[in-house]
Amino acid sequence: MSLYDDAVLVLKEYEDQTDLRQAYLDHLAQHPDGLWKACHAGHLTASALVIDPEAGRVLLTLHRKLRMWLQMGGHCEPGDATLAATALREATEESGVSGLSLLPGGPVRLDRHPIPAPCHWHLDVQYAALAPPDAAHEISDESLDVRWFGYDEVTDVADTSVVRLLEATRARLAV
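Parameters and conventions
Residues numbered from 1 in each chain as written. Predicted model: local features only at pLDDT ≥ 70, side-chain atom pairs only at ≥ 80, totals over all residues. Heavy atoms only, no water. Helix = DSSP H or I, 4+ residues; strand = E, 2+ residues; numbered from the N terminus. Rg over C-alpha atoms; globule rule 2.2 N^0.38 Å. Buried < 20%, exposed > 50% of the residue type's maximum accessible area, 1.4 Å probe, protein only. Areas by Shrake-Rupley, 256 points an atom, 1.4 Å probe, with all protein chains shown as cover. Lys, Arg positive; Asp, Glu negative; His and termini not counted. Charge placed at Lys NZ, Arg CZ, Asp CG, Glu CD. Disulfide = S-S within 2.5 Å. Polar contact = N/O pair within 3.5 Å; in protein donor to acceptor, adjacent residues only side chain to side chain. Core = buried A, V, L, I, M, F, W, Y, C linked by side-chain atoms within 4.5 Å. Contact = heavy atoms within 4.5 Å. Axes fitted to C-alpha atoms, helices over the stretch in contact; angles between N-to-C directions. Parallel < 35°, antiparallel > 145°, perpendicular 65-115°, else oblique. Left-handed = near helix turned anticlockwise from the far one by under 90°. Expected span 1.5 Å × (residues − 1).

(A) The overall build of the protein, seen in detail. Each helix and strand counted, the protein has five helices and eight strands in total. Counting helices and strands in the order they occur from the N terminus, the protein gives α-α-β-β-β-β-α-β-β-β-β-α-α. Its C-alpha atoms give the protein a radius of gyration of 15 Å, within 12% of the compact-globule value 16 Å for 175 residues. Projected onto the principal axes, the alpha-carbon positions of the protein cover approximately 45 × 35 × 30 Å. When each of the 175 residues of the protein is scored for burial, the buried share is 47%. Total accessible area computed for the protein in this model is approximately 8600 Å², and 52% of it derives from carbon and sulfur atoms. Charge centroids of the protein, computed over 14 positive and 27 negative side chains, lie 4 Å from each other.

Given below as structure tokens:
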């Protein structure tokens, strides 16, 4: 199965945010290159909120270019077999945490947001990744900082898309 086929299947199986999900599917139908950064009409990305539910905290990155606290994530690459693999690769690369595992059940949320030209949109497929106990993190070249935040601190540092992702992740975890 190609990454494109996986993305279509993942989106068809995702049961929430029906209008936004359909917009993603329409985008892929109109843009066979809609998974790749070169698609200037917009492209899918995959991200993962790194979470430590036992300690009640999440690991966020201070994005070098955007200067915002965000979940880990980024662009699909030719070697990625699935969107989940993209999210896990990005989370591992950007956090430096080894042993991450995606929360079962597929994506937690979708988030479409504008980005600077020449591209116009990121259509982000958002997962959650469970950190192993005592996970050690590192700052990647794409980050200014990487830091753990308690659940109650996220609203003070991150935008609403991260807050919504945390809420949806906690609901799935039932914590």
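(B) Examining the state of the cysteines more closely. Summed over all chains, the structure comprises zero disulfides. Of all cysteine sulfurs in the structure, the one in C39 sits closest to C76, which takes part in no disulfide; the separation is 12 Å.

(C) The side chain of H122, seen in detail. Among the secondary structure elements, H122 is positioned in strand β7 (residues 121-130). Residue classification places H122 among the buried residues on the basis of a relative accessible area of 16%. A polar side-chain atom of H122 sits 3.3 Å from a polar atom in the side chain of H43.

(D) The arrangement of the nonpolar core in detail. Ranked by size, the top nonpolar core spans 32 residues in total, and within it L11, L35, L44, V50, L83 and V125 carry the most contacts. Residue assignment for this core shows that the elements contributing at least two residues are α1 (3-13), α2 (18-30), β1 (43-52), α3 (83-95), β7 and β8 (143-150). Sort the elements by how many residues they give to this core and α1 lands first, with five residues. Those residues in contact with L11 that sit more than four places away from it in its chain are R21, Y24, L25, L28, L44, L110 and V125.

(E) Examining the packing of α1 against α2 more closely. Relative orientation of the contacting elements α1 and α2 amounts to 155°, with a least axis distance of 10 Å. In terms of orientation, α1 and α2 fall into the roughly antiparallel class. When the axes of α1 and α2 are compared, the crossing they make is left-handed. Contacts between α1 and α2 pair Y4, A7, V8, L11 and K12 from the former with R21, Y24, L25, L28 and A29 from the latter.

(F) Layout of α3. Under the 1.5 Å per step criterion, the end-to-end length of α3 is 18 Å for 13 residues, consistent within 8% with the ideal 18 Å. Within α3 the residues assigned to the buried category are L83, T86, A87, R89, E90, A91, E94 and S95. Summarising the contacts, the buried residues of α3 are in contact with α1, β1, β2 (57-63), β4 (72-75), β7 and β8. In the segment just after α3, G96 is the residue with positive phi, at about 75°.

Scope: geometric values only; no functional claims are made or implied.
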